[in-house]
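Spelled out, the chains give:
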Protein chains: 2
Amino acid sequence: MNRPPVAAIDLGGTKIAVGLVNDGYRVLARAESPTIADEGVAGVVERLVSAVEQVTASGGLALKDLYGLSVAAAGAIDSERGIVTLSPNLPGWRDIHLRDMLNERLGVKTWLLNDAKAAALGEHRFGAGKGVSNLVHLTVGTGIGGGIIIDGRLYTGASGSAGEIGHMTIDVNGPRCPCGNTGCLEMLASGKAMVRDALARLNAEGKSLLTEMVNGDLDRITAREIGLAAEHGDSLASDVISRAASYLAVGMVNLANIFNPEMIIVGGGIANLGDRLLDPARRLVKERAFPVASAAVRIVLARLGNDAGLLGAAYFAFEGDK
Amino acid sequence: MNRPPVAAIDLGGTKIAVGLVNDGYRVLARAESPTIADEGVAGVVERLVSAVEQVTASGGLALKDLYGLSVAAAGAIDSERGIVTLSPNLPGWRDIHLRDMLNERLGVKTWLLNDAKAAALGEHRFGAGKGVSNLVHLTVGTGIGGGIIIDGRLYTGASGSAGEIGHMTIDVNGPRCPCGNTGCLEMLASGKAMVRDALARLNAEGKSLLTEMVNGDLDRITAREIGLAAEHGDSLASDVISRAASYLAVGMVNLANIFNPEMIIVGGGIANLGDRLLDPARRLVKERAFPVASAAVRIVLARLGNDAGLLGAAYFAFEGDK
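Residues numbered from 1 in each chain as written. Chains lettered and ligands numbered in written order. Predicted model: local features only at pLDDT ≥ 70, side-chain atom pairs only at ≥ 80, totals over all residues. Heavy atoms only, no water.

**Some details on the overall build of chain A**
Then comes step 1: Summing up its helical and strand segments, chain A has 11 helices and 13 strands in all.
Then comes step 2: Over its C-alpha trace chain A gives a radius of gyration of 20 Å, about what one expects of a compact globule, namely 20 Å for 322 residues.
Then comes step 3: In terms of its C-alpha atoms, chain A occupies a principal-axis envelope of roughly 55 × 50 × 35 Å.
Then comes step 4: Split into buried and exposed, the 322 residues of chain A put 59% on the buried side.
Then comes step 5: Long-range pairs, those at least 24 residues apart, make up 61% of the contacts in chain A between residues at least 6 apart in sequence.
Then comes step 6: Carbon together with sulfur atoms contributes 47% to the accessible area of chain A, which is approximately 12,600 Å² in total.
Then comes step 7: Where the 31 positive side-chain charges of chain A centre and where its 35 negative ones centre are 4 Å apart. (Helix = DSSP H or I, 4+ residues; strand = E, 2+ residues; numbered from the N terminus. Rg over C-alpha atoms; globule rule 2.2 N^0.38 Å. Buried < 20%, exposed > 50% of the residue type's maximum accessible area, 1.4 Å probe, protein only. Contact = heavy atoms within 4.5 Å. Areas by Shrake-Rupley, 256 points an atom, 1.4 Å probe, with all protein chains shown as cover. Lys, Arg positive; Asp, Glu negative; His and termini not counted. Charge placed at Lys NZ, Arg CZ, Asp CG, Glu CD.)

Here it is as structure tokens:
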């Protein structure tokens, strides 16, 4: 327990969160900044750099005192080579050597991993999945990311991309996904899918608290508004959530049959919907998965919120994917 | 290499195959018998016993000389407790303590595992997947079974049922599966699915070589006849195969995105269709899976035929699921 802290970064499509994490996995200081991905790679890297400098200074340290920098980024990541291969939420990011860019810029050893894998590591080591050998972690936000823990270790596959559970086809006749596949879970059960569904229903029916909540500016509807409207008894919003939850449930039946895991953890922004999201999955898994698999699996909410990604990224720097 | 041979058994819905396998994994003698599952559990156990006695005698041994008996059985298997929990292809088998029954009957140490897992172990240790760390093996026959190798070991999950890839929903609006789930891969891409599709097309169109091949007795159509008819240029049969192959391809895109495996191996009776079955999958994985996953995966035919299950079962007895 004598290593200096890691600056852990969660780089998402809308927000950059940085935490100074010591090797006892306490977050000593935090900083946040908008991503503003539209301004291009160089601008985002600038904001990453200043957030890291800020959080390091808040912790009373200089950059050279850090154990390292660990970035959990949205998108397809090549961890070994330190490259953001492609990121749907970071427009224009294709084969960006982010690890080397940050390393050169800050002179600090840098790690890079996928954000959903970081969250899975975080929840497994420090959160809802502590001590569990085999689990699947879903990050349900704008999209759906996944992380698979097998025999207590992050499973990354032949070339680091294992766990793209959001891009499992569950409806072969379903909508085309920007990833190139069809009827992906993410197209049907993510925050993005909920917003699309809400807009379609508003167009068809026109009546919902949602319209008032955004003062008629439908572009401002996000999963958060849908959740709030449902809490206030809005039936259109409730239907949107039920539909997404039922698709998510189908995905979980698949995960139960394929992995026979001890646990499926659901994190990410949409997890704030809580049991309204998970109860349909618990029911459907009992109804449809193999009995031995359904008896074994607990379907639970993540515990660490946004810290899952930060702690997972810090863990990845201190310990690798062990 | 000094252990006596194992009598390895492949217990399927129509056939019992037994092989005497030494610890260098050579098959020294073989015996076969029909399963005749309709006659109930006791009858099947009798036929298992005599096939084992026959193969042991052929090898110049007595039962007491065997290292053990290892049964690869179709259905949901509890390996630890030695129970056939449920087997769709063995009517009436529910919570059958097959391991203890055989052990008591023959006085020989007995192991029990799922047949698709045995085939995966066999192909991984001795066949198409030799030396590969991460792979998924599909047994496509009447149904679709799966076996997952992770870090060189059979992955069995929290309670031994991992790998039920045939019961992954790929069409949420698809046909109900006897397993209780909906739109399962097995309902769309297995031998059973092909026969169902062929009969539906024959009802609608009426013209196919298939009708002649079975002398008008449509109940006799199996995947084998469909394959033969397609080879003779029958367009109905070709369409049936194309449809099943395209669904199988969707399943493989899912496996590539979820597991990022080095290899997907296809064995089982339907694998005799060869590249006619696999080429659509290779194309679709290239088109739709994540590029890094599709670049990593080779989609290949199994090499050991029916011996995969026997060698896998023998391996399970000699080495466990290591």
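Now, onward.
**A look at the relation of the copies chain B and chain A**
Then comes step 1: Each copy of the sequence occupies a distinct position, and chain B is placed on chain A by a rotation of 180° and an axial shift of 0.0 Å, giving an RMSD of 0.0 Å. Here the symmetry operator amounts to a two-fold rotation axis. (Least-squares fit on C-alpha atoms with pLDDT ≥ 70 in both.)

**A closer look at the packing of helix H1 (residues 41-58) of chain A against helix H2 (residues 98-106) of chain A**
Two packed helices can be described by the angle between their axes and the distance between those axes.
Residues and elements named next belong to chain A.
Then comes step 1: Taken N-terminus to C-terminus, the directions of H1 and H2 make an angle of 50°; their axes are 11 Å apart at the nearest point. As judged from the angle between their axes, H1 and H2 are oblique. In the crossing of H1 with H2, the sense of the turn from one axis to the other is right-handed. Here Val 41, Val 45, Glu 46, Leu 48, Val 49, Val 52 and Glu 53 of H1 lie close against H2, whose contacting residues are Leu 98, Met 101, Leu 102, Arg 105 and Leu 106.
Then comes step 2: For the contact of H1 with H2, the per-class residue count stands at 9 nonpolar, no polar and 3 charged. (Axes fitted to C-alpha atoms, helices over the stretch in contact; angles between N-to-C directions. Parallel < 35°, antiparallel > 145°, perpendicular 65-115°, else oblique. Left-handed = near helix turned anticlockwise from the far one by under 90°. Nonpolar A, V, L, I, M, F, W, Y, C, P; charged D, E, K, R; others polar.)

**Digging into the interface of chain B and chain A**
Think of interface size as the accessible area that goes away when the parts come together; that is how it is often given.
Then comes step 1: Across the contact, 40 residues belong to chain B and 40 residues belong to chain A.
Then comes step 2: Buried area between chain B and chain A, both sides added, is near 3,600 Å², and the carbon and sulfur share of it is 57%.
Then comes step 3: Contact with chain A buries area across many residues of chain B, yet Ile 258, Arg 288 and Phe 290 of chain B alone supply 18% of it, more than any other trio.
Then comes step 4: Connecting chain B to chain A are 0 salt bridges.
Then comes step 5: Counting residues per element, the ones that place at least two in the side of chain B that touches chain A are strand E10 (144-150), helix H8 (235-259), helix H9 (275-288) and helix H10 (291-296) of chain B.
Then comes step 6: The dominant element in the side of chain B that touches chain A, judged by the number of residues it contributes, is H8 of chain B, at 7 residues.
Then comes step 7: Taken together, the residues of the side of chain B that touches chain A break down into 19 nonpolar, 16 polar and 5 charged. (Buried area = accessible area lost by both parts, 1.4 Å probe. Salt bridge = Lys/Arg side-chain N within 4 Å of Asp/Glu carboxyl O.)

**Digging into the confidence of the model for chain A**
Then comes step 1: Across chain A, the average pLDDT comes to 95, with 99% of residues at or above 70.
Then comes step 2: Both confidence scores are given for the complex: pTM 0.95, ipTM 0.95. (pLDDT = per-residue confidence, 0-100.)

**Describing the packing of aromatic side chains**
Then comes step 1: Counted by the stated rule, this structure contains 15 aromatic pairs over all chains.
Then comes step 2: Between the aromatic rings of Tyr 155 of chain A and Phe 259 of chain B, the centroid separation amounts to 6.4 Å while the plane-to-plane angle is 65°, which identifies the pairing as edge-to-face. Note that Tyr 155 of chain A is positioned in strand E11 (residues 153-155) and Phe 259 of chain B in helix H8, a pairing that runs across two chains. For the pair Tyr 155 of chain A and Phe 259 of chain B, one class covers both residues: buried.
Then comes step 3: Grouped by ring-pair contacts, the aromatic residues Tyr 25, Tyr 67, Trp 111, Phe 126, Tyr 315 and Phe 318 of chain A constitute a single cluster.
Then comes step 4: Of note, Arg 3 of chain A hangs over the ring of Tyr 67 of chain A, and the distance from its end group to the ring centre comes to 5.5 Å. (Phe/Tyr/Trp six-rings, centres within 6.5 Å; stacked < 30°, edge-to-face > 60°. Lys NZ or Arg CZ within 6 Å of the ring centre and 35° of its normal.)

**A word on the sheet that holds strand E6 (residues 83-86) of chain A**
Residue and element names in this part refer to chain A.
Then comes step 1: Taken in spatial order, the 3 strands of this open sheet run E5-E6-E7, and their pairing is antiparallel. Single-partner strands in this sheet number two, and they are strand E5 (76-78) and strand E7 (94-96). Taken over all neighbouring pairs, the strand axes of this sheet differ in orientation by 20° on average, direction set aside. (Pairing = 2+ DSSP bridges.)

**Topic: the side chain of Ser 294 of chain A**
Residue and element names in this part refer to chain A.
Then comes step 1: Within the secondary structure layout, Ser 294 lies in helix H10 (residues 291-296).
Then comes step 2: We classify Ser 294 as buried; its relative accessible area is 17%.
Then comes step 3: Ignoring any residue separated from it by four or fewer positions in sequence, one finds Ser 294 in contact with Val 285, Lys 286 and Ala 289.

**Here's the deal with the pairing of strand E4 (residues 68-73) of chain A**
All names here are of chain A.
Then comes step 1: Of all 6 residues in E4, 6 are buried; the element is thus mostly enclosed.
Then comes step 2: Covered by surrounding structure in E4 are Gly 68, Ser 70 and Ala 72 together with Leu 69, Val 71 and Ala 73, the residues of both alternating faces.
Then comes step 3: Sheet topology places strand E1 (residues 6-11) next to E4; 6 bridges connect them, and they run parallel. Following the sheet pairing, Asp 10 is matched in E4 by Ala 72.
Then comes step 4: Here E4 runs beside strand E8 (residues 110-114); their pairing, made up of 5 bridges, is parallel. Directly across from Ser 70, in E8, lies its bridge partner Trp 111.

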